Each structure stands twice: as C-alpha cells, then as structure tokens.
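What follows is each chain in one-letter form.
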Amino acid sequence: MKSVVITALLFGMTGSAVYAQDAPIEFRMAASDANLAGCRSLDAQLSRVHSVTLQGDKALLKLAGGISDTLKQTSPGVYTSVFTLSGVRLDVVADASRSPRTLVVTEKNRGCRWDATTK
C-alpha cells in the first residue's frame, strides 16, 4: 500500500510539472522611465498583456494583437528571440528560471526598454 501511495504521489508531481510546462505565463509590460520620446511609439503595443508558454527547449511568445514568436532556450529557463515590430528590431528575454519570472523587451539603438514580472 505504501508503494502505491508513493507511486501515485510521484505520478501526480510529474503530471503537475508537465501541466505547468504548457500553462501560459502572463505578463503586462511597462515602459522604462528612462525611455526617450522615440521609444513611446511602441508603448501602446507593448503595454498590453502578453504570454509566454514554455515548450521544452522553446517558448511561444504571444503578443496582444495576434503576433507570436518562438523563443529559443539559451540557458535553463531563459528564452530569447529577436523580432521586428512596426519596423523596429526588438530583443526579447523571458526568464522563467527564477521567481518572479520576467519578460524584458529592448530596442538597443535608442536604449528603449519594457519590463514585466509575474506576481
């Protein structure tokens, strides 16, 4: 009986880990106070709720408005990508390796930055 309980407990923990892997992590981005006026053109698009869904060595980023991108794992729990939004090159880093989880979007030419953390 004891082994059945231990097996059920281990199976439940494994199932929970798999479920957590597929559950979207939601972030609401906020612009950095240090952003220049030229950065503000993306504030409306980036200040909405976005989600990151972990999928093994990749993660799916879904931006509000239907834009999605695949992030690649660069270290355990850290996923990155580069994509273009409204003609601007953006670097994205999602860090699910620590708590709270973070999502950071930067535009390196002007020093623009948007951050989000989970609660």
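Residues numbered from 1 in each chain as written. Predicted model: local features only at pLDDT ≥ 70, side-chain atom pairs only at ≥ 80, totals over all residues. Heavy atoms only, no water.

Here the focus is the state of the cysteines. A covalent bond between the sulfur atoms of two cysteines is referred to as a disulfide. Under the definition given, this model contains 1 disulfide. Shown here is the disulfide that connects C39 with C112, its sulfur atoms set 1.9 Å apart. Its S-S torsion of approximately -80° makes the covalent link between C39 and C112 left-handed. A residue pair is termed long-range when its members are at least 10 positions apart, and C39 in the loop between β2 (30-31) and α2 (43-46) and C112 in strand β9 (residues 112-117) qualify at 73 residues. The same class applies to C39 and to C112, which are both buried. (Disulfide = S-S within 2.5 Å. Helix = DSSP H or I, 4+ residues; strand = E, 2+ residues; numbered from the N terminus. Buried < 20%, exposed > 50% of the residue type's maximum accessible area, 1.4 Å probe, protein only.)

Glancing now at the nonpolar core. Of all hydrophobic cores here, the largest spans 24 residues; its most connected members are V52, L61, L71, L90, L103 and W114. Going through the elements one at a time, β1 (25-28), β3 (49-55), β4 (58-62), β6 (78-85), β7 (88-95), β8 (102-107) and β9 are the ones with two or more residues in this core. The leading source of residues in this core is β7, at 4 residues. If near-sequence neighbours (up to four positions away) are discounted, W114 is found in contact with M29, A30, A31, N35, C39, L42, D43, L46, L90, L103, V104 and V105. (Core = buried A, V, L, I, M, F, W, Y, C linked by side-chain atoms within 4.5 Å. Contact = heavy atoms within 4.5 Å.)

Read across the sheet, 9 strands follow the order β1-β3-β4-β5-β6-β7-β8-β9-β2 without closing on themselves; strand pairing throughout is antiparallel. In this open sheet, the two edge strands, each paired with only one partner strand, are β1 and β2. (Pairing = 2+ DSSP bridges.)

Glancing now at the side chain of N35. Checked against the element boundaries, N35 lands in the loop between β2 and α2. Those residues in contact with N35 that lie beyond four places of it in its chain are R40, G111, C112, R113 and W114.

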